[in-house]
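Working through the structure, step by step
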Amino acid sequence: MNSIKHVAIIMDGNGRWGIKYKKSRNLGHKEGLKTVEKIIKATLKNKIKYLTLYAFSTENWKRPKKEINFLFNLLENFLLNKISDLIKQNIKLKIIGKKNFSSKLNKLLNLSEKKTIQNSKLQINLALNYGSKSEIISALNEIKKNKLKISESNISKNLYTKTIPDPDILIRTGNTKRLSNFLLWQLAYSEIFFEKKLWPDFIEKDYIRILNNFKKIKRNFGNI
Ligand code: FPP
């Protein structure tokens, strides 16, 4: 049976859920945050070491300002209210993506990372202002600057995920089958699960079903 060290998730479908049930995309994001908390709990319970969540892509800046502000307010409140819980639960928070937000949010993100840096039960990588293509370009530029060889290992060593194993599993909810510029390098050999359910409807039982299905897959990594 395959062990699971790292799960990555594209949490898609908040907007559609919000429109369908509350006539507001933003209320879909609020509901989506409840799913985030449930999935963190289930990840801890299943002793998985790394959870990477796609919360805001470099392309999401194209959305209306009101929705962007709502999302970042939700994030701020989450960090302010939940950081002590994360510490208690031995969870380390790491932001992946370019931290070029307001100085207030940047400070809060840095502080949250600092406060949890020693924690070791679960590492949550929160992808914010994240784009995989720009991550790979930055890695190549770093390699060039240091006059190193372009190799798989040098590229991996210069990504945000340099210290952690690649995802075993990628889950995308929301009934859409695409990668949306998420972890393109790191997902080379991950098992991908596309879920019909919208993110706010995704429950622990769905997550466990995916984890169990993954455990049974024969992973060849190019071998036979
Ligand atoms: C994609 O759904 C979701 C996002 C762009 C935001 C994800 C945010 C959360 C789950 C809540 C906030 C999380 C934290 C950690 C504070 P979509 O809006 O693209 O949905 P749609 O495809 O139905 O429009």
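Below is a short write-up of the structure. (Residues numbered from 1 in each chain as written. Predicted model: local features only at pLDDT ≥ 70, side-chain atom pairs only at ≥ 80, totals over all residues. Heavy atoms only, no water.)

What about the sheet that holds strand E6 (residues 191-194)?
Sheet strands pair by backbone hydrogen bonding; their relative direction is either parallel or antiparallel. Across the sheet, six strands lie side by side as E3-E4-E2-E1-E5-E6; this open sheet has parallel pairing. Only two strands of the sheet have a single partner each, and these edge strands are strand E3 (91-96) and E6. Strand-to-strand twist of the sheet, defined as the mean angle between neighbouring strand axes without regard to direction, takes the value 20°. Pairing of strand E5 (residues 169-172) with E6, which is carried by four bridges, proceeds in the parallel orientation. Across the sheet, the residue bridging to Ile-169 is Glu-191, located in E6. Where helix H7 (residues 204-216) meets the sheet, its contacts fall on strand E1 (6-10), strand E2 (50-57), E5 and E6, and the angle it forms with E5 comes to roughly 145°. (Pairing = 2+ DSSP bridges. Helix = DSSP H or I, 4+ residues; strand = E, 2+ residues; numbered from the N terminus. Axes fitted to C-alpha atoms, helices over the stretch in contact; angles between N-to-C directions. Contact = heavy atoms within 4.5 Å.)

Description of the site of the ligand
Around the ligand there are 18 residues in total, and Asp-12, Gly-15, Arg-16, Arg-25 and Arg-63 lie nearest to it. A distance of 3.3 Å separates an oxygen atom of the ligand from a polar atom in the backbone of Asn-14. Note that an oxygen atom of the ligand is positioned 2.7 Å from one of the backbone N or O atoms of Arg-16. Protein chains shield 91% of the accessible area of the ligand, which is 620 Å² for the free molecule. When residues of the shell around the ligand are traced back to their parent elements, those giving at least two are helix H1 (14-22), helix H2 (25-45) and helix H3 (65-88). Top element by residues in the shell around the ligand is H2. It accounts for four residues. Of the residues belonging to the shell around the ligand, the class tally is nine nonpolar, five polar and four charged. (Near = heavy atom within 4 Å. Polar contact = N/O pair within 3.5 Å; in protein donor to acceptor, adjacent residues only side chain to side chain. Areas by Shrake-Rupley, 256 points an atom, 1.4 Å probe, with all protein chains shown as cover. Nonpolar A, V, L, I, M, F, W, Y, C, P; charged D, E, K, R; others polar.)

Some details on the packing of H1 against H2
It is the contact of H1 with H2, at a shortest axis distance of 6 Å, that shows an interaxial angle of 115°. As summarised for this structure, H1 and H2 are arranged roughly perpendicular, according to the angle between their axes. With respect to the hand of their crossing, H1 and H2 are arranged in right-handed fashion. Only Arg-25, Leu-27, Gly-28, His-29, Glu-31 and Gly-32 of H2 make contact with H1, whose side of the interface consists of Asn-14, Gly-15, Arg-16, Trp-17, Gly-18, Ile-19 and Lys-22. Partitioning the contact of H1 with H2 into residue classes produces three nonpolar, six polar and four charged. (Parallel < 35°, antiparallel > 145°, perpendicular 65-115°, else oblique. Left-handed = near helix turned anticlockwise from the far one by under 90°.)

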